[in-house]
Amino acid sequence: MMRRWNVLPLMLLAVMIFVSACSGGGTAQTETEAEGTTNSGNSTEVAETEKEGEAEEAVVNVPDLGGRVIKVAAWWDLKPAGETASDKARLDKIAEVEKKYNVKLEFVNVPFEEYMNKFTTSALAGEPFADIVQMEYKSALPAILKGQLLPISEFTTPENNINQEANLIAKFPAIAGNEYAFESPTSIGLGLHYNRDLFKKLSLPDPQELYNQGKWDWDKFMELAKQATKDTNNDGKTDVYGFSGWALDVVRHFTAANGGTIVDDTNSKEGLSDPKTIEAAEFVKRLYNVENVVKVKTGDKTNWEESNTFKDGDVALFTAAEWQLGDLTFAVGVVPIPNGPQGSKEVTYANNAASAKFIPKGVEDPQIVYQIYEETFDIPQIEEYPGQDYLESRYTDEKDIAIIREHIAGTGRILLDDAYTGYPFGDYVNDIIKNNASVTATAEKYKAQAQAAIDKLGKQ
């Protein structure tokens with residue numbers, strides 16, 4: 001893999017060469033003499049010597065940062081664990097880059113509940129607590145509008161790998177009309193998971209087979225959920241359920257799968273009254289309050305803890321992220337969340353927790369900071385595809401990994417409704433799911449409040 005030099009040293013090198021050529025310290029070489037040198041018998045040796053000299057100059061002009069500590073922060077430990085070949089290779093590369101620039105990379109782990117307060121406080125003081133910060137998109141939007149994060153264009157050049165076709169680091173989708181976020185590329189995405197053991201026990205058709213046959217839609221999903229909801233021991237109580245999940249995210253996902261959005265960020269418009277959103281909310285309401293196929297373990301239909309209810313092993317279908325799948329006692333499969341009548345395969349789920357790396361305003365020499373971080377990923381490609389080690393740690397069946405890579409990854413719609421203070425999405429879902437209110441009437445009830453929340457953030 002080609003090594004990419006920092007553009008600043010190269011510019012300094014060019015200036016030095018230019019000044020040396022123009023100074024009176026040496027005799028100017030005539031065109032004839034130059035041709036004679038080029039055509040001499042030892043031209044190859046001369047060329048190689050010149051290349052070696054240029055390489056030495058480039059190395060000499062790599063900036064020495066005097067032991068500077070470059071901090072990379074997240075709400076988990078970003079330092080490679082060293083458990084895989086790729087991790088070990090990157091640890092070696094980090095050590096090499098640290099020596100090259102005379103720096104120390106420090107991976108800062110700040111608890112999630114403290115993270116944004118720490119960022120905001122330090123950003124307002126003009127002294128960001130880290131040089132590179134992991135941040136959720138919904139938190140990044142207000143920070144961008146306040147001028148606290150730098151666009152990618154301010155710390156990269158066309159020579160950086162991020163601006164090449166084969167990326168070590170990938171640009172994340174634009175936010176607030178510009179590109180700010182970057183991340184090492186991976187092939188993950190949120191799908192609809194299902195309990196394979198329970199499906200076999202109940203003799204239900206495999207959702208992946210239905211998907212491959214073009215039969216996977218809302219009607220088929222509802223049919224399976226109803227068939228799985230049973231009283232298997234004949235005690236008069238349901239002991240197996242068709243579905244579970246956190247109701248707010250369930251509405252988000254099915255809205256995205258129907259071509260709608262909770263907030264139209266591009267046009268700064270509320271999405272609660274969008275007909276596609278209303279249709280999705282009607283479908284989810286039917287799951288909970290008409291067909292009664294949803295297990296509610298906590299007794300509160302909109303409690304976020306319901307996102308883990310599937311772990312009991314008595315739920316057939318559930319919305320969950322791949323990181324929630326550890327230590328299960330049953331086999332898990334995955335399939336895209338089915339598209340609604342207005343949806344398409346290009347969008348199958350809502351990504352309300354999308355996060356990536358950003359560089360805060362106020363970071364010293366952000367171009368060099370980014371360059372150093374990018375170079376730590378310049379390692380041999382050991383995995384067959386980005387994220388292979390991680391996906392194989394979550395899924396044991398190659399069919400699941402293939403579904404994720406080919407049909408789920410890249411189909412998420414990033415949502416920012418949580419970025420708007422006072423946006424009434426939680427109240428909207430509570431009224432519909434917990435209070436069984438009319439979806440259309442609820443959308444009308446909260447429409448003005450939702451739009452006002454959007455407008456307020458835009459004026460900051």
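So, a few notes on the structure that sits alongside this text. This is a predicted model, so every value here is computed, not measured.

**Quick look at the overall build of the protein chain**
Part 1 of the reasoning: When helices and strands are counted, the protein chain shows 16 helices and 14 strands.
Part 2 of the reasoning: For the protein chain, the proportion of its 460 residues judged to be buried stands at 47%.
Part 3 of the reasoning: Of the contacts made within the protein chain by residues no fewer than 6 positions apart, 76% connect residues no fewer than 24 positions apart.
Part 4 of the reasoning: In the structure as shown, the protein chain presents an accessible area of about 22800 Å², 49% of it carried by carbon and sulfur atoms.

**So, the packing of aromatic side chains**
Part 1 of the reasoning: Applying the stated criterion to the full structure yields 22 aromatic pairs.
Part 2 of the reasoning: Following the ring pairs from residue to residue traces out a cluster consisting of Trp 216, Trp 218, Phe 221, Phe 243, Phe 254 and Phe 283.
Part 3 of the reasoning: Taking the ring centre of Phe 377 as reference, the NZ or CZ of Arg 90 above it sits at 3.8 Å.
Part 4 of the reasoning: If you follow Arg 405 out to its NZ or CZ, it ends over the ring of Tyr 385, 3.7 Å from the centre.

**Some thoughts on the nonpolar core**
Part 1 of the reasoning: Membership of the largest hydrophobic core comes to 100 residues, with the highest contact counts inside it found for Leu 317, Phe 358, Tyr 420, Tyr 423 and Tyr 428.
Part 2 of the reasoning: Those residues in contact with Phe 358 that lie beyond four places of it in its chain are Asp 131, Ile 132, Val 133, Met 135, Tyr 137, Ala 140, Leu 149, Tyr 180, Ala 181 and Phe 182.
Part 3 of the reasoning: If you look at the next biggest cluster of nonpolar residues, it comprises 28 residues, including Val 62, Ile 162, Leu 168 and Ile 169.

**Points about the pairing of strand β1 (residues 68-74)**
Part 1 of the reasoning: Extensive coverage of β1 is indicated by the burial of five of its seven residues.
Part 2 of the reasoning: Note: β1 against strand β2 (residues 103-109), seven bridges, orientation parallel. Along β2, the bridge assignment pairs Lys 71 with Glu 106.
Part 3 of the reasoning: Handedness of the crossover joining β1 and β2 through helix α4 (residues 85-101): right-handed.
Part 4 of the reasoning: The sheet contact formed by β1 and strand β3 (residues 132-136) spans two bridges and is parallel. When the sheet's bridge partners are listed, Ala 73 is paired in β3 with Val 133.

Basis of the calculations
- Residues numbered from 1 in each chain as written.
- Predicted model: local features only at pLDDT ≥ 70, side-chain atom pairs only at ≥ 80, totals over all residues.
- Heavy atoms only, no water.
- Helix = DSSP H or I, 4+ residues; strand = E, 2+ residues; numbered from the N terminus.
- Buried < 20%, exposed > 50% of the residue type's maximum accessible area, 1.4 Å probe, protein only.
- Contact = heavy atoms within 4.5 Å.
- Areas by Shrake-Rupley, 256 points an atom, 1.4 Å probe, with all protein chains shown as cover.
- Phe/Tyr/Trp six-rings, centres within 6.5 Å; stacked < 30°, edge-to-face > 60°.
- Lys NZ or Arg CZ within 6 Å of the ring centre and 35° of its normal.
- Core = buried A, V, L, I, M, F, W, Y, C linked by side-chain atoms within 4.5 Å.
- Pairing = 2+ DSSP bridges.
- Right-handed = clockwise from strand over helix to strand, strands pointing away.

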